[in-house]
Amino acid sequence: EMHIAEIFLCVCFYLGGCVKTEEEEAASSEEDSSSFRGSGVCKWFNVRMGFGFLSMTHREGICLDSPVDVFVHQSKLHMEGFRSLKEGEAVEFTFKRSSKGLESLWVTGPGGAPCVGSEKKPKGTQKRRSKGDRCFNCGGPNHHAKECQLPPQPKKCHFCQSITHVVANCPIKAQQLSPGSQGKSTASTTGEEEDMSHTPFPPDSSD
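Residues numbered from 1 in each chain as written. Predicted model: local features only at pLDDT ≥ 70, side-chain atom pairs only at ≥ 80, totals over all residues. Heavy atoms only, no water.

As recorded in an unreviewed UniProt entry, the protein goes by Protein lin-28 homolog A and comes from Cyprinus carpio. Taken from UniProt, the Sequence similarities (unreviewed entry) comment for the protein reads in full: "Belongs to the lin-28 family." (UniProt positions renumbered as here; feature names shortened; annotations may be inferred.)

Novice: Provide a residue-level description of the packing of aromatic side chains, including the pertinent values.
Specialist: For any pair of aromatic rings, the description consists of the separation of the ring centres together with the inter-plane angle of the planes. Tallied over the full model, the rule gives 5 aromatic pairs. Seen from their ring centres, F51 and F71 are 6.0 Å apart, and the 35 degrees between their planes marks the pair as tilted. Here F51 is found in strand 2 (residues 51-59), whereas its partner F71 is found in strand 3 (residues 62-73), with 20 residues between them in sequence. Here F51 matches F71 in class, with each residue buried. By the ring-pair criterion, three or more aromatic residues cluster together here, those being W44, F51, F53 and F71. The lysine or arginine in question, R59, covers the ring of F36, its NZ or CZ lying 4.4 Å from the ring centre. (Phe/Tyr/Trp six-rings, centres within 6.5 Å; stacked < 30°, edge-to-face > 60°. Helix = DSSP H or I, 4+ residues; strand = E, 2+ residues; numbered from the N terminus. Buried < 20%, exposed > 50% of the residue type's maximum accessible area, 1.4 Å probe, protein only. Lys NZ or Arg CZ within 6 Å of the ring centre and 35° of its normal.)

Novice: Tell me about the pattern of salt bridges, and please be specific about residues and values.
Specialist: Scanning the entire structure with this criterion turns up 2 salt bridges. With a shortest N-O distance of 3.1 Å, K43 and D69 are connected by a salt bridge. A residue pair is termed long-range when its members are at least 10 positions apart, and K43 in strand 1 (residues 35-46) and D69 in strand 3 qualify at 26 residues. With relative accessibility at 34%, the residue K43 sits in the partly exposed group. (Salt bridge = Lys/Arg side-chain N within 4 Å of Asp/Glu carboxyl O.)

Novice: I'd like a description of unusual backbone geometry, backed by residues and values.
Specialist: With a phi close to 55 degrees, E60 is a non-glycine residue in the positive phi region. Note on placement: E60 falls in the loop between strand 2 and strand 3. Taking relative accessible area as the criterion, E60 reaches 44% and is therefore assigned partly exposed.

Novice: Please give an account of the UniProt feature "domain: CCHC-type" (unreviewed entry) in the protein that cites residues and values.
Specialist: Residues annotated by UniProt as "domain: CCHC-type" (unreviewed entry) correspond here to residues 134-148. The distance from the first to the last C-alpha atom of residues 134-148 is 10 Å, and the span holds 0% helix and 0% strand.

Novice: A description of the state of the cysteines should follow, citing residues and the corresponding values.
Specialist: Applying the stated rule across the entire model yields 0 disulfides. No disulfide involves C42; its sulfur sits 9.3 Å from the nearest other cysteine sulfur, which is in C115. (Disulfide = S-S within 2.5 Å.)

Novice: Any chance you could break down the nonpolar core for me, citing the residues and the numbers?
Specialist: Formed by 17 residues in total, the largest nonpolar core has its most connected members in L54, L77, L85, F93 and V107. Looking at this core, the elements with two or more residues in it are strand 1, strand 2, strand 3, strand 4 (90-98) and strand 5 (101-108). Setting aside anything within four residues of it in sequence, one finds L77 in contact with F45, V72, R83, S84, L85, W106, V107 and C115. (Core = buried A, V, L, I, M, F, W, Y, C linked by side-chain atoms within 4.5 Å. Contact = heavy atoms within 4.5 Å.)

Here's what the structure looks like:
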């Protein structure tokens, strides 16, 4: 998990950086057009937000005394499909120095190979599973009322088709969902009078 300070640093960088003096801006603008090569590993990457930081250990092939942070955005990653980085993943990249700091321009795996990426995926990218939605207009499956081909229908219970109540108040559905029924006939599994009232039987006088 990222610390609050790291998130603030990343957001500050992504939204325009912190305020700098005119001298600092003039000095950094001179280097904006220059790009450099670096290599290292992914320090951290927020899969949901699509950005993070690289930890540069080599610059132009020369080993650095201490790692340097380089900002990375998912749009700069060389890979197919959903773009992300895995923490600790080895990377090679080109970068520039801007008014916001060091910013990556193109990121690949070792030798120019595609990035590996994180196993994590944001929840929004997962395909929503169908829950068997039914149309509120006709009660049919696999479509919604706005897609229904039928004209507006009278309100009725989509479970038993009765026009006296809606499905939320359906007594037949409530019986089938009651504990112990398990989808079986409620008349045969329970001795409740309410169950018997739906299946009238002639009085047994033979005994």
